[in-house]
Amino acid sequence: MKAPKAFFVWVGSRAIGLAPLAGRCACLLMAMGWAAAASHATTVAPLAPSASCGAVWAVAGLHEMPGDSLLVVLSPRMVYALTEWPRMREAAATAGFRVVVVRDPRVPRSEWSSAIAVAGLPDLAAVPEVDAGLAGQCGLLNHFPSTLVGRCGRPHPWPVLGVMPTAAWRSLIVQRREAVSCP
């Protein structure tokens, strides 16, 4: 039986030998990835919200609101979600966003009440819980705070997850807002 010929891929100034079939597959996959990256860099497809994120947005009543909005899911089970919330809310408001807050549906009302009392956030007492099924499908229950950014009644398809410094937070939510086109 004859040994297969080696297949080489040049990376920089160095050749890397790969088995014939695996090498060809790897080259094809790399070429496809580079082509996709290159085409993405030159064309921007319109963003369409996932059905579940759009449904969460609609249930919160934001699909009928003009302007720029944030839907924020808070949970006391993430250490900084409540303590950092006033700072992040202020940064969002100064960037021109209307902010709607909902709570993690897995947190019982008694736990929520205790946590907001300790955090000194009595204004969050009547916050409704988000729909567990829709929020889970949208990725809003993976980390807290989790935020959907939208404008003109439409959300960006990717939630923003977690606490971040003020400048980074403001920059990210503004970028997401600008990525959503108005009809």
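Everything below is about the structure shown above.
Just so it is clear, the model here is predicted, and its values are computed rather than measured. (Residues numbered from 1 in each chain as written. Predicted model: local features only at pLDDT ≥ 70, side-chain atom pairs only at ≥ 80, totals over all residues. Heavy atoms only, no water.)

A. Expanded view of the nonpolar core. One finds Leu70, Leu74, Leu82, Phe97, Trp112, Leu124 and Trp169 to be the most contacted residues of the largest nonpolar core, which totals 24 residues. Broken down by secondary-structure element, the contributors of at least two residues to this core are strand S3 (68-74), helix H3 (85-94), helix H4 (109-119) and helix H6 (166-179). Ranked by residues supplied to this core, first place goes to H3 with four residues. If sequence neighbours within four positions are ignored, Leu74 has contacts with Ala81, Leu82, Trp85, Val101, Val102, Arg103, Asp104, Trp112, Leu124, Phe144 and Pro145. Grouped together as the second largest cluster of nonpolar side chains are 15 residues, Val73, Leu141, Phe144 and Leu148 included. (Core = buried A, V, L, I, M, F, W, Y, C linked by side-chain atoms within 4.5 Å. Buried < 20%, exposed > 50% of the residue type's maximum accessible area, 1.4 Å probe, protein only. Helix = DSSP H or I, 4+ residues; strand = E, 2+ residues; numbered from the N terminus. Contact = heavy atoms within 4.5 Å.)

B. Representation of the pattern of salt bridges. Going through the model one piece at a time under the given rule, you end up with six salt bridges. A salt bridge links Asp68 to Arg177; the nearest nitrogen and oxygen atoms lie 3.0 Å apart. Linking Asp68 in strand S3 with Arg177 in helix H6, this pair joins segments that are 109 residues apart in sequence. The residue Glu111 makes a salt bridge to Arg77 at a minimum N-O spacing of 2.7 Å. Of this pair, Glu111 sits in helix H4 while Arg77 sits in the loop between S3 and H3, placing them 34 residues apart in sequence. Given a relative accessible area of 29%, Glu111 falls into the partly exposed group. (Salt bridge = Lys/Arg side-chain N within 4 Å of Asp/Glu carboxyl O.)

C. Local environment of unusual backbone geometry. In this structure, the amide linkage connecting Phe144 to the following residue, Pro145, adopts the cis form with an omega of -10 degrees. The topology assignment puts Pro145 in the loop between helix H5 (132-138) and strand S5 (146-151). Even without a glycine there, the phi angle at Cys152 is positive, about 55 degrees.

D. Broad picture of the state of the cysteines. Evaluation of the coordinates by the stated rule reveals two disulfides. A disulfide bridge connects Cys53 with Cys138, and the sulfur atoms are separated by 1.8 Å. Measuring the twist about the S-S bond at about 100 degrees, one finds the Cys53-Cys138 disulfide to be right-handed. Residue Cys53 is located in helix H2 (residues 51-59), and its partner Cys138 is located in helix H5; the two are separated by 85 residues in the primary sequence. Classification of Cys138 by relative accessible area gives buried; the value is 7%. Each sulfur in the disulfide pair Cys152 and Cys182 lies 1.6 Å from the other. Judged by the sign of its S-S torsion, about 65 degrees, the cystine formed by Cys152 and Cys182 is right-handed. With Cys152 in the loop between S5 and strand S6 (154-155) and Cys182 in the segment after H6, this residue pair connects regions lying 30 residues apart in the sequence. Judged by its relative accessible area of 34%, Cys182 is partly exposed. (Disulfide = S-S within 2.5 Å.)

The quantities given are spatial measurements derived from coordinates; they are silent on function.
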